[in-house]
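# Architecture at a glance
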Amino acid sequence: MALPIYASPLERLWHYTYLVLCTAIFIFLISPILVVIPLSFNAEPYFTFTEAMLRFDPAGYSLRWYDALLTLGMQAPDAIRDGAWWSDMWENSTWVRAAKNSIIVGFWATILATVLGTLAALGLSRPEMPYRRVVMAILISPMIVPIIIIATGLFFFYSNPCSIIGTECGRLTSTYLGVILAHTTLGIPFVIITVTATLSGFDQSLIRASASLGASPSRTFFKVIMPLILPGVVSGALFAFVTSFDEVVAVLFIAGPDQQTIPRQMWNGIREAISPAILAVATILVIISIALLATVELLRRRSERLRGVTPH
């Protein structure tokens with residue numbers, strides 16, 4: 001934003017100082033990401049820039065670590081890359097299996113978190129809802145309470161979920177259902193916050209007008225409410241998916257060997273055998289995160305246009 005002509009010297013000084021500070025903070029935050037990306041193309045098994053990379057020598061760069069994401073754990077990684085090789089990769093590759101687990105868990109956790117979080121936000125938006133602030137504080141507490149405490153509580157509860165009523169039943173630890181429910185718990189607060197923010201500008205008279213015209217509650221929801229709050233719902237779903245995709249602490253407590261996700265595999269790789277393949281995974285995750293954040297921003301602008309607010 002350009003300064004007005006009548007700005008005083010002090011205002012101009014503060015303006016440029018503010019720009020410098022914002023730029024410095026931005027560089028401080030983005031530098032670790034910018035360092036990871038080129039290192040993922042290192043031809044050597046090091047986590048530092050080699051002389052060839054600093055000289056921009058093509059020999060210093062390679063896609064070997066991206067290829068390692070496909071071949072690690074395969075029975076015949078050096079075989080001809082025909083149909084049998086790709087089948088072997090799909091079934092046995094450690095990173096591919098972790099990616100499949102992350103997508104499966106993230107998808108179902110996002111579905112559950114979006115449905116439950118949207119319903120909770122709709123209830124909390126009603127003025128006649130009793131104890132709204134208390135209920136809201138409880139529902140978004142997973143965002144505030146340290147994740148290690150939540151993961152510990154989930155572990156003991158999922159070890160015997162029926163113990164609260166004094167009976168015995170199957171445990172949820174080391175199961176896909178347990179991991180999905182744990183990630184749902186962590187994703188619901190993001191859906192509640194985004195949908196509640198969208199509902200803050202919602203005109204409740206539209207619901208009464210729909211009812212006066214003979215529409216049922218379900219038809220009112222899908223034809224009147226849902227189109228207006230859809231940007232908030234989708235934004236919350238994206239945040240829930242990213243939360244599930246990046247979560248490692250709850251997976252360490254809840255998941256078993258068959259539920260290894262990408263963050264859990266990265267954790268294992270750092271502890272057992274440090275490989276630059278982790279940097280390749282990190283680069284892919286950064287690209288996915290940027291794409292999701294861009295989608296959220298587009299949805300925010302669309303929501304503002306629907307509410308008659310000029311996007312900034």
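To keep things clear, this report deals only with the structure shown in the data block. (Residues numbered from 1 in each chain as written. Predicted model: local features only at pLDDT ≥ 70, side-chain atom pairs only at ≥ 80, totals over all residues. Heavy atoms only, no water.)

### Some points on a nonpolar patch on the surface
A surface patch of nonpolar side chains, about 810 Å² in accessible area, is lined by Ile104, Phe107, Trp108, Ile111, Leu112, Val115, Leu116, Leu119 and Tyr176. Relative to the helices and strands, Phe107 is located in helix H5 (residues 94-124). (Patch = residues over 30% accessible without salt bridge, like charges linked within 9 Å, V, L, I, M, F, W, Y side chains within 5 Å. Areas by Shrake-Rupley, 256 points an atom, 1.4 Å probe, with all protein chains shown as cover. Salt bridge = Lys/Arg side-chain N within 4 Å of Asp/Glu carboxyl O. Helix = DSSP H or I, 4+ residues; strand = E, 2+ residues; numbered from the N terminus.)

### With respect to the packing of H5 against helix H9 (residues 176-199)
Relative to each other, H5 and H9 sit at 40°, their axes nearing to 6 Å. When the interaxial angle is binned, H5 and H9 end up oblique. For the element pair H5 and H9, the recorded crossing hand is right-handed. Here the residues of the contact of H5 with H9 sort into 19 nonpolar, 8 polar and no charged. (Axes fitted to C-alpha atoms, helices over the stretch in contact; angles between N-to-C directions. Parallel < 35°, antiparallel > 145°, perpendicular 65-115°, else oblique. Left-handed = near helix turned anticlockwise from the far one by under 90°. Nonpolar A, V, L, I, M, F, W, Y, C, P; charged D, E, K, R; others polar.)

### Observations regarding unusual backbone geometry
Of note in this structure, Phe56 is not a glycine but carries a positive phi near 60°. Locating Phe56 in the fold gives a position in the loop between helix H2 (51-54) and helix H3 (64-71). In this structure, Ser174 takes a positive phi of about 60° despite not being glycine. With respect to the secondary-structure elements, Ser174 resides in the loop between helix H8 (147-159) and H9. On the basis of relative accessible area, Ser174 is assigned to the partly exposed category, the value being 42%. (Buried < 20%, exposed > 50% of the residue type's maximum accessible area, 1.4 Å probe, protein only.)

### Let's talk about the environment of Glu247
Of note, Glu247 is situated in the loop between helix H11 (217-246) and helix H12 (249-254). The exposure class assigned to Glu247 is buried, which follows from its relative accessible area of 10%. Spatially, the C-alpha atom of Glu247 lies 29 Å from that of Ser62, the residues being 185 residues apart in sequence. Non-local contacts of Glu247, meaning those with residues more than four positions away in its chain, are made with Ile147, His183, Leu186, Thr261 and Pro263. Side-chain polar atoms of Glu247 contact the backbone nitrogen of Val249, separated by 2.7 Å. From its side chain, Glu247 meets the backbone nitrogen of Ala250 in a polar contact 2.7 Å long. (Contact = heavy atoms within 4.5 Å. Polar contact = N/O pair within 3.5 Å; in protein donor to acceptor, adjacent residues only side chain to side chain.)

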